[in-house]
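Each chain, letter by letter, is given below.
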Amino acid sequence: MGTNLDIWHSEDEPRLGAVLSECWHLLSDGATDPQHDFHTTALATTHAGFGCTLRTVVLRKVDPAARELWFYTDLRSRKIGEIQHDLRIALLFHSISDDTQVRVQAEAEIHHRDKLAEAAWQELSPRRRRDYLVSGPRGLPWAWATSGLPAEMEGRDPNEAESEAGRLNFAVVVCHVRQIDWLFLTPYGHRRANFTWHGDGQLQTSWLVP
């Protein structure tokens, strides 16, 4: 985990370039540190019946140069169908310890059984692969409380061979960042900034009223 960046001038006003660097710094720390507030994020997708829907996902990888955020999911989950219907997604990060909220608008790209997904799968331990051994689609109605795991998997981690059964259900979602909205909360007056990348890759920055 890196050290916090100094985003303030001597006049106690932040610089836009440093603010953007701080956003990527926080996101990168979130991907690498399970204890960081940005390790989990609220993901919003469009839903045919309700207009939109939210759930929490784990931030797995950040690539500032490519403007990419990665998370893993079960291919059978409802979010996959929603993303296939509309690639536009939103992510919300909030750090109480850093007094910072970051909202991200992005376009999602699903990877399954391709080179990128295979490389990510190989990096998963059998314990983490167990999440993809659930017997049915996420959200499937059940007659009783259940983990969805096969009975022989209850209460223990699968071995390497057993974990391979989850490979078909594993997907990586790469979020191509189009916009970052940064909000810094302080009792002395909040600060807010927006960073938008247009289709040609040109970056537009602006201060906003918090």
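This is a predicted model, so every value here is computed, not measured. (Residues numbered from 1 in each chain as written. Predicted model: local features only at pLDDT ≥ 70, side-chain atom pairs only at ≥ 80, totals over all residues. Heavy atoms only, no water.)

## Let's talk about the side chain of Asp86
What counts here: Put simply, DSSP H or I for four residues or longer makes a helix, DSSP E for two residues or longer makes a strand, and each gets a number counted from the N terminus. Only protein chains enter the accessibility calculation, which uses a 1.4 Å probe; a residue is then buried when its area is under 20% of its type maximum, exposed when over 50%, and partly exposed in between. Polar contacts, as counted here, are pairs of nitrogen or oxygen atoms within 3.5 Å of one another; within protein the pair requires one atom able to donate a hydrogen and one able to accept it, and residues that are adjacent in sequence qualify only if both atoms are side-chain atoms.
Looking at the secondary structure, you find Asp86 in the loop between helix 2 (78–85) and strand 5 (88–95). Relative accessible area serves as the criterion here: at 13%, Asp86 is assigned to the buried category. Engagement of the side chain of Asp86 in a polar contact is seen with the side chain of Arg88, the distance being 2.9 Å.

## Quick word on the pattern of salt bridges
Note the following rule: Here, a salt bridge means any side-chain nitrogen of Lys or Arg that lies within 4 Å of a carboxyl oxygen of Asp or Glu.
Following the criterion strictly, the structure yields 14 salt bridges and no others. We note a salt bridge from Asp86 to Arg88, for which the minimum N-O separation is 2.9 Å. With its nearest N and O atoms 2.9 Å apart, the salt bridge here joins Arg192 to Asp181. Taken together, the residues Arg192 in strand 8 (residues 191–197) and Asp181 in strand 7 (residues 170–184) connect sequence positions 11 residues apart. Each member of the pair, Arg192 as well as Asp181, is classed as buried. Taken together, the shared-partner salt bridges in this structure form one network comprising Arg113, Glu118, Arg129, Glu160, Glu164 and Arg167.

## Some thoughts on unusual backbone geometry
The phi torsion at Arg67 lies on the positive side, around 55°, for a residue other than glycine. Within the element layout of this structure, Arg67 appears in the loop between strand 3 (61–63) and strand 4 (68–74). Among the residues examined, Arg67 registers a relative accessible area of 18% and is labelled buried. Phi angles above zero are rare outside glycine, and Asp99 is one such case at about 55°. Structurally, Asp99 is set in the loop between strand 5 and strand 6 (100–111). Overall, Asp99 belongs to the partly exposed group, its relative accessible area being 36%.

## Overview of the side chain of Lys79
Put simply, the test is: For the purpose of charge, His is not counted, nor are the chain termini; Lys and Arg are scored as positive and Asp and Glu as negative. In this description, contact between two residues means that some pair of their heavy atoms is separated by no more than 4.5 Å.
Tracing the chain through its elements places Lys79 in helix 2. It turns out Lys79 is buried and unbridged, and the closest side chain with the opposite charge, Glu82, is 7.9 Å from it. The contacts of Lys79, once residues within four sequence positions are left out, are Leu43, Arg55, Val57, Phe71 and Thr73.

## Regarding a nonpolar patch on the surface
Rules: Like charges within 9 Å and nonpolar side chains (Val, Leu, Ile, Met, Phe, Trp, Tyr) within 5 Å are joined into patches, using only residues over 30% in relative accessible area that form no salt bridge. Computed by Shrake-Rupley with a 1.4 Å probe, the accessible areas treat only the displayed protein chains as cover when residues are assessed.
Taken together, Leu140, Trp142 and Trp144 make up a surface patch of nonpolar side chains, about 390 Å² in accessible area. Here Trp142 shows up in the loop between helix 4 (126–129) and helix 5 (160–163). Trp142 sits in the partly exposed class, given a relative accessible area of 46%.

## Some points on helix 1 (residues 16–32)
For clarity, the threshold we go by: Given the number of residues in a helix, its expected span is that number minus one, multiplied by 1.5 Å.
Helix length check: helix 1, at 17 residues, gives a terminal C-alpha distance of 25 Å against a target of 24 Å (1.5 Å per residue), a fit within 8%. Within helix 1, 12 of the 17 residues are buried, which leaves it mostly tucked inside the rest of the structure. For helix 1, the full list of buried residues reads Ala18, Val19, Leu20, Glu22, Cys23, Trp24, His25, Leu26, Leu27, Asp29, Gly30 and Ala31.

## So, the packing of aromatic side chains
Definition in use: A pair of Phe, Tyr and Trp rings is counted when the ring centres sit within 6.5 Å of each other, with Trp represented by its six-membered ring. The angle between the planes then sorts it: under 30 degrees is stacked, over 60 is edge-to-face, the rest tilted.
Counted according to the given criterion, the structure contains 7 aromatic pairs. Measuring from ring centre to ring centre gives 5.2 Å for Phe38 and Phe93, while their planes differ by 40°; the resulting arrangement is tilted. Placement of the pair is Phe38 in the loop between helix 1 and strand 1 (40–47) and Phe93 in strand 5, with a sequence separation of 55 residues. By the burial criterion, Phe38 is buried, and Phe93 matches it. Geometrically, the ring pair formed by Trp121 and Tyr132 is edge-to-face, given 6.3 Å between the ring centres and 70° between the ring planes. Of this pair, Trp121 sits in helix 3 (residues 115–122) while Tyr132 is found in the loop between helix 4 and helix 5, placing the two residues 11 residues apart along the sequence. Take Trp121: its relative accessible area is 0%, and that puts it in the buried class.

## Notes on the nonpolar core
Applicable threshold: Side-chain atoms within 4.5 Å link the members of a nonpolar core, which is a set of buried Ala, Val, Leu, Ile, Met, Phe, Trp, Tyr and Cys residues.
One finds Trp24, Leu69, Phe93, Val104 and Ile180 to be the most contacted residues of the largest nonpolar core, which totals 32 residues. For this core, the elements supplying multiple residues, two or more each, are helix 1, strand 4, helix 2, strand 5, strand 6, strand 7 and strand 8.

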